[in-house]
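One-letter residues, chain by chain:
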Amino acid sequence: MRNRSNSGVRLDYFQRLINKTILKFQNPITGLFGTTEHDSHAWVRDNVYTIMAVWGIALAYRKNADLDEDLAKAYELEQSVVKLMRGLLRCMMLQVDKLEKFKKTQSTKDCLHAKYSSQTGKTVVGDSEWGHLQIDATSLFILYLAQMTAAGLQIIYTLDEVAFVQNLVFYIETAYRTPDYGVWERGDKTNHGLPELNSSSIGMAKAALEAINEVDLFGARGGPASVIHALPDEAQQCQAILHSMLPRESNSKEIDAALISVISFPAFAVDDIEIIKKTRQEIEDKLMGNYGCRRFLRDGYKTAREDPNRLHYEPWELLAFEKIENQWPMFYAFFILDGLYRGDTESVEKYKALLDPVITRTDDGNLYMPEMYSVPKDKVDMEIRSRDSQKRERTGKMLHLWGQSLFILGRLIDEKFISPGELDPLNRRLITEPRPDVVVQVVVIAEDIMMQSLMAEQGIAVQTVSQVAPIQIYPARVLSQIYSLLGKNKSMGLTGRPSSEIGLLATSKLYILQDQILAFIPQFIDQHQFYLALDIDFLVDTMKNTMEDLARNWRMMGRPTFVCTINTSMLDHNQKLPSSLVGTIKKLQSGYIAGTRVHLGDMGDFVSTSCITKLSFVNTDTQYAGQDSQISDFLGDVLKKACPRPRLLSLGKKASRSYRHSSIRGIVRRSRSIAVNAEDIPADKDILRLPRALSYEETALSFALRKLEKGAKKSRRKGIVETTLPRINTSEELAHPHLKGNGRSPMCTPNRSPVQSPMGSPKAQHRLWPFMDKFNNDSSYNNVDVHELVDQLSQSENLNEQADIIHYLYIKQGPNWDTEVDGKSCTVRELLVELYEKAGHWKQWWLVRHAAGMLKKRVEDLALAATDLLVRQKQLSVGLPPDREKIITGPLPPDELAAIIYESCGDDLSTASLTQEILIYLAMFIRTEPKLFKEMLRMRVGLIIQVMASEMSRLFKCSGEDASDHLLNLSPYELKMMLHHILSGKEFVITTEKVSCDSEVMNEYDDEYKFSVVSKQSRQETSAFASKLSRKGPLNQKMPSVTVQSPPSAAGKPEIEDEMEDRQGQWLRRRRLDGALNRVPVGFYTQVWKVLEKCHGLSIGSHFLPHSLTREMTSGEFKFALQVERVLNMIPQPEYRQLMVEALMVTTLLVEGDCRINLSGQVLNVDKIVQQANSIFIKEQNISSEVVNHSTGSAGICLHLYDTAPSGRYGTMSYLARALAVFMNIGDHQNLECNIS
């Protein structure tokens, strides 16, 4: 008999240690581990971590076998691992009905349980008696099922089990938008049962999705039916959200020690080295102690001050746990493993030295990992005075199985019995390794020969759909239908993949289905869904962003293949290819677009270099023999040309004579609720011009005022030169047709410029279907004969007339009413669909949006867009404030979110469509330019829409009602660009371009004008633009128009006057925009927390922020920021809100620097500080009472103060600082200068 080697002897020692400390607790029937010998509760997460050491020692025996019996030991240990994993699988399979429900509801009541009985495998507590929804635990099980299977263990035995695991993948793929109770089963740290979105859960789910994809659960002996599929877009979405959240764990936990398992072993979920370093450093700085890591800040679990008679905490008592949180030594083991995987010997030695004193040594020489260490009750006060100064005592379980397993695993790797890679056969540890540049393969395909010839005329050679055969091209919804078959199992009642959405990464692969190669067009190009794809400029812009996204997020083997089809719907009015589309394709030919490497070619050239996936789950089992015909039928429906529907709406420009005097005329326009209230808009901009009691400023302003007064008199003598832009007739003009020819807004007088919107705060006029009352009270509506309207519709050739009639029929008769137009059966809905298509073809965006709202259309990525914002710590509100604003604080299913939007917009269906658009654009920007949203917590879409209407009113110098018309008639691309300019704070102008149409049929739109939003580069450019407008003369009155005052020539003006005109109103607008966007300075909420910590409270408006908030929440806690934001959002005027934010920043002077003012017991009234600053400003500027009355703005604050720059000696911050000094009775406050960055 051979002698054992030294390594063999050492390995035997670890095996004995595992037998005595881990395997002795494994139940022989279920294979599960209870927490102790007397506690049979088996947690899924704890069990997976516990078995890792057993798997590690088995790998070590197989690798370092001295004797045959070593291989036998390895097999025995492996079977213990299989027993445990199959035991957990059985427990979850007993809850298959919950799994099926959860895929649809994501409810905490429908989730799989977090713990089971180690003796029976059944549940041990009720659905509502525990925080069961712990996505990280299920994800950890899937991750190690994949790792162990890849290492050669046979855990899954049947295809039914394969189907269940596939549905487990569906269970976790929504982790990025599903709040859960997290690693510590508490959710919000007050333990009131409030689930949160947790970074640790999202990271573990992301790792599991990537690991399990394409894994054959039967191992080397498996076939196509046993392969698991995970769509790459779900993992990528988890990654995007994870990167945006880290190092924050959740709303209530600014950092959590559990994140070490996400950035390092076992998940390796983060590929950004800087984020990994930052998160690791945050854990070490804020949570590391002498006995281990705190789980999170203010964790009261089993501390000396915790009340053992209740599970939850009162918010105010959380401060009592600060600095005395229990420390968990198992996190030293996590950091040792982290150092081993990074090859950081210094870090390994550091944490080994820290761990050694806290490990318990038993009488028989065994090493035990205790659960935690706590501060003794009699030493709590001293520990609070000096953190980590007191000796702690062991508490909780003497042997913590989870920590014990990690401790042994670290020893096995450190002593070279196994290598890090053997525990990671799927190579997740290499996620941070640099990857080669991704080249995006682009295939442009013409719908037919005609489109091919049009492309050839532009020097672009493309294939037609028929010419790429045998490769088949389908829209993304076909792939969604195919994937709906994945995971179906009749015997277990599993319905397969629940989502109908297919992401960009999924459509950028090629697929093999029954020996055919399939390629798919991205979902955003599908014009059968929402109307955004009808705008070619938007489509082209999205394509550019798509290339960049693909290059940045592609992780698979092979190159991404982007397929784009060119069809007749992309042609302009002259049946020509749009220049933007042609220019983009020619850029693709150059090999670069938007900084991304691309390769434009034919489909056949890319088959060998593309990423290809086999759709092996289709028709692989006899019980699904019907799948083949099901797929064939669906493909046939897609390929089958739609029967040409009889076109029932005529084309032309004439409106019928009866329509001109009909009461339903303009009914579409009257359904809108967005308007800038004229009562809040001063009639003249001159109210902002006044002399200041300053030396240089007095001279400059006086000179400018004299010049302006002379200019005004000259203008009144000469008359104002006016031009018109396209406009939709106002309600006044609809009632009085003779107004149509006056060439100016009804709110203008011949001797006065149009009403200016920027002076007053934009406020919605809630005209929610005012004409609905007329249906009951107005005889003109009651006497309308719907059958006469149908006859009128059949003869109408005017788009506006058709829209008004169909709108009336939709409201009065309902969408399913049969109109029998022209003697044919045709419902109102069918007419509405045709109207929608017709408006889309002629790019009448106001009508496209209205018809889309009536059809209740929902943008495909609506829920995903909202989720992208919400999970990045942004809240959403939809609807016009204050009455109909609805706040969205958590991710919602698509249909539920759409229902909330339509409900919040009332019967203003145009705004409902516009709201969906704004959400999509905001999500695009937050993914590509997150810096635009810095220090913005709530996106108030209704207020953003109002601000956009206000900006239109300012630019076109028109009424708020006309401005909302112009806003609705912007193309999706221009609306997106306008929103981007507003978010970025850039000045912009709107240009017009005449679009002529050669079609004789559609001559109604011969004089159509296209709006374009462009950055304002200089004053000279703006003046040139205005002069250009003044030379155009009147346009077609049937199109939307505005009145524009041509500015006087810039020639000969003094430079000081030019400067004055440029700057006048600038800061008022800036405050209004920032207030509407809820933007605050960097570090604002942390600074407010510091002020609140020192005083009794802050009074803001009629609301109060108490000092007790600082006891409930830490300064970096997201929940605190939301509390401050909630109070600020009660202020209706955005400019006044922003002034209050500036005042709050000034109060931080009381707690910073050399200031030693005692604020104890004081309430800081921020409103009084602002009002005092206003009084000081008026007094110093020597403003007369008459001028003050004339220039009073929101909340009684002088408009001139609103329009004052924040910094400098005469800035608002200086006045606010002096007002604060008056409020606090601080000495000399006359010579204060405040500078801000």
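Residues numbered from 1 in each chain as written. Predicted model: local features only at pLDDT ≥ 70, side-chain atom pairs only at ≥ 80, totals over all residues. Heavy atoms only, no water.

Asks: An account of the overall build of the protein chain is requested, with residue identities and associated values reported.
Replies: Within the protein chain one finds 47 helices and 29 strands. Relative to its 1237 residues, the protein chain shows a buried fraction of 58%. Once local pairs closer than 6 in sequence are excluded, the contacts in the protein chain between residues at least 24 apart make up 74%. By element, 49% of the accessible surface of the protein chain is carried by carbon and sulfur atoms, the whole surface being about 48700 Å². (Helix = DSSP H or I, 4+ residues; strand = E, 2+ residues; numbered from the N terminus. Buried < 20%, exposed > 50% of the residue type's maximum accessible area, 1.4 Å probe, protein only. Contact = heavy atoms within 4.5 Å. Areas by Shrake-Rupley, 256 points an atom, 1.4 Å probe, with all protein chains shown as cover.)

Asks: Tell me about the sheet that holds strand β23 (residues 938–940), residues and numbers included.
Replies: Strand order in this open sheet of three strands is β22-β21-β23, and the pairing throughout is mixed. Each edge of the sheet is formed by a strand with only one pairing partner; in this case those strands are β22 (886–888) and β23. Taking the axes of each pair of neighbouring strands and ignoring which way they run, one obtains an average angle of 20 degrees across the sheet. Across three bridges, strand β21 (residues 875–878) lies against β23 in parallel orientation. In the strand pairing of β23, glutamine 875 is matched with arginine 938. (Pairing = 2+ DSSP bridges. Axes fitted to C-alpha atoms, helices over the stretch in contact; angles between N-to-C directions.)

Asks: Describe helix α6 (residues 159–172), and please don't skip the residues or the numbers.
Replies: For α6, spanning 14 residues, the distance from its first C-alpha to its last is 20 Å, which sits close to the expected 20 Å at 1.5 Å a residue. The buried count for α6 comes to 12 of 14 residues, which makes it a mostly enclosed element. Every buried residue of α6 is accounted for by Glu161, Val162, Ala163, Phe164, Val165, Gln166, Asn167, Leu168, Val169, Phe170, Tyr171 and Ile172. Among the structural elements, α3 (68–93), α4 (96–105), α5 (135–150), α7 (199–212), β12 (488–489) and β13 (494–495) are those in contact with the buried residues of α6. (Expected span 1.5 Å × (residues − 1).)

Asks: Break down helix α36 (residues 972–984) for me, with residues and values.
Replies: One turn of an α-helix holds 3.6 residues; hence residues three or four places apart share an orientation. Spanning 13 residues, α36 covers 18 Å between terminal C-alpha atoms, matching the ideal 18 Å at 1.5 Å per step. Burial in α36 covers these residues: Pro972, Tyr973, Glu974, Leu975, Lys976, Met978, Leu979, His980, His981, Ile982 and Leu983.

Asks: Can you lay out the sheet that holds strand β27 (residues 1097–1100) for me, pointing to particular residues and giving the numbers?
Replies: Spatial ordering of the open sheet is given by β28-β27-β29, a layout of three strands whose pairing is mixed. One side of each edge strand has no neighbouring strand; the edge strands of this open sheet are β28 (1103–1106) and β29 (1163–1165). Put simply, the sheet's adjacent strands are angled 20 degrees from each other on average, direction ignored. Of the strand pairs in this sheet, β27 and β29 are connected by three bridges, and their pairing is parallel. The residue of β29 that forms the bridge with leucine 1098 is leucine 1164. Across the sheet, helix α40 (residues 1084–1094) lies against β27, β28 and β29, angled at about 120 degrees from β27, the strand it touches most. Against the sheet, helix α42 (residues 1118–1128) engages β27 and β28, with an angle of about 160 degrees to β28.

Asks: With reference to specific residues and values, describe the packing of aromatic side chains.
Replies: One pass over the structure, following the stated rule, counts 27 aromatic pairs. Each ring, one from tyrosine 483 and one from tyrosine 511, has its centre 6.3 Å from the other, and the planes form 80 degrees; the classification is edge-to-face. Taken together, the residues tyrosine 483 in helix α16 (residues 476–483) and tyrosine 511 in strand β14 (residues 510–513) connect sequence positions 28 residues apart. Each of the two residues, tyrosine 483 as well as tyrosine 511, counts as buried. A network of ring pairs unites the aromatic residues Tyr49, Trp184, Tyr301, Trp328, Phe331, Phe334 and Trp402 as a single cluster. In this structure, arginine 86 is placed above the aromatic ring of tyrosine 157, and the distance from its NZ or CZ to the ring centre is 3.8 Å. Between lysine 253 and the ring centre of phenylalanine 296, over which it is positioned, the NZ or CZ distance is 5.3 Å. (Phe/Tyr/Trp six-rings, centres within 6.5 Å; stacked < 30°, edge-to-face > 60°. Lys NZ or Arg CZ within 6 Å of the ring centre and 35° of its normal.)

Asks: Tell me about the side chain of glutamine 875, and name the residues and values.
Replies: Along the chain, glutamine 875 turns up in strand β21. For glutamine 875, a relative accessible area of 11% puts it in the buried group.

Asks: Mind laying out the pattern of salt bridges, listing which residues take part and the relevant values?
Replies: In total, this model carries 52 salt bridges according to the counting rule given. Ionic pairing is found between glutamate 282 and lysine 286, a salt bridge with its closest N-O pair at 3.2 Å. Taken together, the residues span about one helical turn, with glutamate 282 and lysine 286 both in helix α10 (residues 273–286) at a distance of four residues. Judged by relative accessible area, which is 27%, lysine 286 ranks as partly exposed. (Salt bridge = Lys/Arg side-chain N within 4 Å of Asp/Glu carboxyl O.)

Asks: I'd like to hear about the environment of alanine 163, residue by residue, with values.
Replies: Mapped onto the elements, alanine 163 comes out in helix α6. Along the sequence, alanine 163 and valine 227 sit 64 residues apart, while their C-alpha atoms lie 9.7 Å from each other.

Asks: Let's hear about the packing of α5 against α7: which residues, and what values?
Replies: Between α5 and α7, the least distance of the axes is 8 Å, while the angle of their chain directions is 25 degrees. Taken together, the axes of α5 and α7 are roughly parallel relative to one another. Seen along the crossing, α5 lies across α7 with a hand that is left-handed. Residues Ile135, Asp136, Ser139, Leu140, Ile142, Leu143 and Ala146 of α5 pack against Ser200, Ser201, Met204, Ala205, Ala207, Ala208, Ala211 and Ile212 of α7. Here the contact of α5 with α7 is built from residues that sort into 11 nonpolar, three polar and one charged. (Parallel < 35°, antiparallel > 145°, perpendicular 65-115°, else oblique. Left-handed = near helix turned anticlockwise from the far one by under 90°. Nonpolar A, V, L, I, M, F, W, Y, C, P; charged D, E, K, R; others polar.)

Asks: Explain the confidence of the model for the protein chain residue by residue, including any values.
Replies: The share of residues in the protein chain with pLDDT of 70 or more is 80%, and the mean pLDDT across the chain is 82. Predicted confidence for residues 1018–1059 stays below pLDDT 50, and this span has 91 contacts to residues more than four positions away or in other chains. In the model, residues 1232–1237 has pLDDT below 50 throughout and makes 17 contacts with residues more than four positions away in sequence or in other chains. (pLDDT = per-residue confidence, 0-100.)

Asks: Describe the pairing of strand β16 (residues 561–566), with residues and values.
Replies: A large share of β16 lies buried, amounting to six of its six residues. Here β16 shows two buried faces, one formed by Thr561, Val563 and Thr565 and the other by Phe562, Cys564 and Ile566. Inspection of the sheet shows strand β9 (residues 440–446) paired to β16 by six bridges, in the parallel sense. In the sheet register, alanine 446 faces β16, and the bridge partner there is isoleucine 566.

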